[in-house]
Amino acid sequence: MPEQPAALPTPAPTPDVLVVGAGPVGLALAVDLARRGVAVRVVDTLAAPTTESRAIVVHSRTLDHLQALGVLDAVLERAVVSRGMELYADGRRLAHVGFDGIDAVHPYSVSLLQTDTEAVLTARLAELGVHVERSTTLTALDARDDGVVATVTAPDGTGATIEAAFVVGTDGARSTVRHLLGLRLEGSFAGEDFLLGDVDGDHDYDPSCFHTFFSPGEATGLLFPLPGDRARVFAQLPPGVDPDRPVTVEWLQEALDERGVRLRVREAHWLTRLRLKHGQVPRYRVGRVFLAGDAAHIHSPAGGLGMNTGIHDAVNLGWKLALAVASGRTGALLDSYEAERHPVGADVIALSTRLTRLGTLRNPVAQRVRNLVLHLGLESTSLDERLAARVEQQRVRYAGSPVVAGHGRTVHPGDFLRLPRTQVADALARTPGHLAVVLPRGWPLHLAEGVTELVVTEEDEDALTEATGLTHGGIVVVRPDGYVGLVGDDPKTGVAQYLALLDG
Ligand SMILES: Cc1cc2nc3c(=O)[nH]c(=O)nc-3n(C[C@H](O)[C@H](O)[C@H](O)COP(=O)(O)OP(=O)(O)OC[C@H]3O[C@@H](n4cnc5c(N)ncnc54)[C@H](O)[C@@H]3O)c2cc1C
């Protein structure tokens, strides 16, 4: 059934932003824009949301963002919390990578079906008065200096145009927007072949961890517990398996058994075969048109990073577009989206490629060396904390961005601000603009339009003073996406300098 009933209000013919694609990334972006008061329309070619649940892991940093979007509680209600990864070799536990040690507001991942993540975001969007326009396919774009005219087509072939100030292509790996911009995904790694199943089954593994099985057998198996009796399982296939062989429960069960995954499949909800590849567009912005999510970067699901990275793209772009719509700033502020997010996308591709290579070694000697290194490295050094923080995307930062300024001791411009934890997280969910923490605490100052002062507790003030090194006083400006825009020693001039960067 189409999602939009007839009684809904007619969408604005000339929205500020047209979002093409209502996957998790487009929905997250639309929620962020709508909560900031931007007139947004979202179109999707599908008549109803997809029933394929691809991404299941939502990482720690993404939970920070979902909190700001106002959907964290709804996500947690539908998810299981994952506190670490267990690695096994030859039937024995090799190492544990715990997420508890990472310095984060939410030191854990959660697992839920992508369809649930999308449903939660869709409901939040509806709460904000925006409904996905389904069976509506973007077919052409005419980008001008002052806006973009998009042509959309219904299944019966009738067309319409939408004039928007900005268009964002969140239309997935086969993106039409990307194609219309003349861009393509550039990449090379095309390798391993996996069986994938979302199944109900019996196992006795810890439901609060992900599980990776390196051997026996010539390939790797993975198990991710999901809510209820459900689990996502992967089984790496050896080279040369007939590409047309139908995926059956029997084949999956046999593959799991061979890889030492002790799960008895009772019922399969989704079975498929997955061939890994990666690629990234060279540019995320062309004039008034932007790309985000799988439209801009695709890679191996190792590490479960695709949807997470796309949601981070959305949150990086949302406040910038909102400010551009409100103020007419279209220069440095909007360019900074690509400057900040393209390197992160490249880094994610490198990480997921490395994780895939590590997990899919075929040479028995290399496998033994890997197992030994992982056992010694992860059990007895801080490598597990670093790996956990990397996979949980808690190391994403925008140091060197053209729109951050100043310097700190351990909290730097471009870092995600975790201090004061709950207060910043709550304030970001309530406040559409920037937050500023003035040190030492005193009477609130009126700093600038769109900058709200946050008065922190004495304890947080001490921690922040220590982290920034602002022992003689100063200011920390937190951007609407939670990252530090400025660490400076003079509140008034610092804020003025920072805002001038956004104007550039
Ligand atoms: C098996 C598997 C497991 C994965 N596991 C994880 C994981 O655990 N964690 C993780 O972070 N990521 C994971 N991923 C990746 C994740 O699924 C994707 O990164 C994510 O779906 C990307 O979201 P998106 O919104 O960018 O694109 P999509 O989800 O592809 O959404 C794009 C939308 O655009 C619409 N569209 C396309 N063309 C048009 C058009 N011309 N006009 C209008 N609408 C259009 C489509 O109908 C679709 O609804 C996994 C992927 C796979 C395949």
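Calculation criteria
- Residues numbered from 1 in each chain as written.
- Predicted model: local features only at pLDDT ≥ 70, side-chain atom pairs only at ≥ 80, totals over all residues.
- Heavy atoms only, no water.
- UniProt positions renumbered as here; feature names shortened; annotations may be inferred.
- Salt bridge = Lys/Arg side-chain N within 4 Å of Asp/Glu carboxyl O.
- Helix = DSSP H or I, 4+ residues; strand = E, 2+ residues; numbered from the N terminus.
- Buried < 20%, exposed > 50% of the residue type's maximum accessible area, 1.4 Å probe, protein only.
- Domains from an automatic or database assignment.
- Contact = heavy atoms within 4.5 Å.
- Buried area = accessible area lost by both parts, 1.4 Å probe.
- Core = buried A, V, L, I, M, F, W, Y, C linked by side-chain atoms within 4.5 Å.
- Patch = residues over 30% accessible without salt bridge, like charges linked within 9 Å, V, L, I, M, F, W, Y side chains within 5 Å.
- Areas by Shrake-Rupley, 256 points an atom, 1.4 Å probe, with all protein chains shown as cover.
- Pairing = 2+ DSSP bridges.
- Axes fitted to C-alpha atoms, helices over the stretch in contact; angles between N-to-C directions.
- 1 Å grid on protein atoms, 1.4 Å probe; cavity = no way out; pocket = protein on both sides within 12 Å on 5 of 7 lines; lining within 4 Å.
- Points joined across faces, edges and corners; volume = space filled by probe spheres on them.
- Arc of directions from axis to C-beta.
- Near = heavy atom within 4 Å.
- Polar contact = N/O pair within 3.5 Å; in protein donor to acceptor, adjacent residues only side chain to side chain.
- Phe/Tyr/Trp six-rings, centres within 6.5 Å; stacked < 30°, edge-to-face > 60°.

- The protein has the name FAD-binding domain-containing protein in an unreviewed UniProt entry, where Cellulosimicrobium composti is given as its organism.
- The record in UniProt for the protein states the following under Cofactor (unreviewed entry): "FAD".

1. A look at the pattern of salt bridges
- A full pass over the atoms with the stated rule returns 28 salt bridges.
- The partner of R124 in a salt bridge is E127, with the nearest N and O atoms 2.9 Å apart. Of this pair, R124 and E127 both sit in helix α4 (residues 114-127), three residues apart, which is roughly one turn of that helix.
- On the basis of relative accessible area, E127 is assigned to the exposed category, the value being 62%.
- Here R441 makes a salt bridge to E458, at a shortest N to O gap of 3.8 Å. With a gap of 17 residues between them, R441 in the loop between β22 (434-439) and β23 (451-453) and E458 in helix α12 (residues 458-468) connect regions that are remote in the sequence.
- Residue classification places R441 among the partly exposed positions, given a relative accessible area of 36%.

2. Examining the domain arrangement of the protein
- Here the protein is described as being made up of domain 1 (17-78 + 113-187 + 280-350), domain 2 (80-103 + 190-277 + 363-396) and domain 3 (405-503).
- Centre-to-centre separation of domain 1 and domain 3, based on C-alpha positions: 28 Å.
- Contact residues are listed per partner, giving 16 residues for domain 1 and 18 residues for domain 3.
- Between domain 1 and domain 3 lies a buried interface of about 1400 Å² when both sides are counted; carbon and sulfur atoms form 49% of it.

3. Regarding the nonpolar core
- If you look at the biggest cluster of nonpolar residues, it comprises 65 residues, and the most contacted ones within it are V17, V40, V42, L125 and L321.
- Those residues in contact with V17, other than ones at most four positions away along the chain, are L33, V38, A39, V40, R41, A164, F166, V168, L321 and V325.

4. Some remarks on the environment of G91
- By the secondary structure assignment, G91 is in the loop between β5 (84-89) and β6 (92-98).
- Once the C-alpha coordinates of G91 and A123 are considered, the two residues, 32 residues apart in sequence, prove to be 43 Å apart.

5. Points about a nonpolar patch on the surface
- Together, V365, V369 and V373 make up a nonpolar patch on the protein surface, roughly 260 Å² of accessible area in all.
- Within the secondary structure, V373 sits in helix α9 (residues 364-380).

6. Some thoughts on the sheet that holds β23
- Judged by pairing direction, the sheet is mixed, and its five strands sit side by side in the order β21-β25-β24-β22-β23 without closing on themselves. Across the chains shown, the open sheet's two edge strands, defined by having one partner strand only, are β21 (405-406) and β23.
- Strand direction decides the pairing type here: β22 and strand β24 (residues 474-478), joined by five bridges, are antiparallel. Residue pairing for β24: L435 is matched across the bridge by V478.
- Taken strand by strand, α12 contacts β22, β24 and β25 (484-488), and its axis lies near 90° from that of β22.
- Packed on one face of the sheet, helix α13 (residues 491-503) meets β21, β22, β23, β24 and β25 and runs near 30° to β24.

7. Concerning empty space enclosed by the protein
- Considering all chains together, one arrives at one cavity of 30 Å³ or more under this definition.
- Here the largest cavity is characterised by a volume of approximately 170 Å³.
- D64, A68, F416, L428 and G482 are, among the 21 residues lining the largest cavity, the residues nearest its centre.
- Those elements that place two or more of their residues in the lining of the largest cavity are α1 (24-35), α2 (60-68), α7 (306-327) and α11 (421-430).

8. Thoughts on α12
- Along α12, the positions that sit buried rather than exposed are D460, E461, L464, T465, A467 and T468. Looking down the long axis of α12, one finds its buried residues gathered within 165° of arc, a one-sided arrangement. For α12, exposure combined with an orientation more than 90 degrees from the buried face picks out E458, E459 and E466.
- After α12 finishes, the residue G469 shows a positive phi value of roughly 75°.

9. Notes on the side chain of T309
- If you trace the backbone, T309 turns up in helix α7.
- Note on T309: relative accessible area 0%, which makes it buried.
- For T309, the residues in contact, after removing those within four places along its chain, are H297, R341, V348 and Q393.

10. Focus on the site of the ligand
- Within the structure, the ligand sits among 33 residues, and D44, R54, D294, M307 and N308 are positioned closest to it.
- In this structure, T45 approaches the ligand through a main-chain N or O atom, which is 3.1 Å from a nitrogen atom.
- At 2.8 Å, a side-chain N or O of N308 approaches an oxygen atom of the ligand.
- Protein burial of the ligand: of its 1000 Å² of free accessible surface, 88% is covered by the chains.
- Secondary-structure elements contributing two or more residues to the shell around the ligand are α1, β8 (137-143) and α7.

11. Concerning the packing of aromatic side chains
- Throughout the structure, instances matching the rule amount to twelve aromatic pairs.
- Ring centres of Y88 and F213 lie 4.8 Å apart, and the angle between their planes is 5°; this geometry places the pair in the stacked category. Of this pair, Y88 sits in strand β5 while F213 sits in strand β13 (residues 209-213), and the two are 125 residues apart along the sequence. The same class applies to Y88 and to F213, which are both buried.
- Between Y398 and Y483, the aromatic rings sit 4.5 Å apart at their centres with planes inclined by 40°, giving tilted as the arrangement. Note that Y398 is positioned in the loop between α10 (383-391) and β21 and Y483 in the loop between β24 and β25, a separation of 85 residues in sequence.
- Here Y483 falls in the buried class, since its relative accessible area comes to 1%.
- An aromatic cluster is built from F99, F194, F210, F224 and F234, whose rings are joined through pairwise contacts.

12. What about the side chain of N316?
- Along the chain, N316 falls in helix α7.
- For N316, the side chain forms a polar contact with the side chain of K320, separated by 2.7 Å.
- When neighbours within four sequence positions are excluded, N316 is seen to be in contact with Y337, E340, R341, Y398, R479 and D481.

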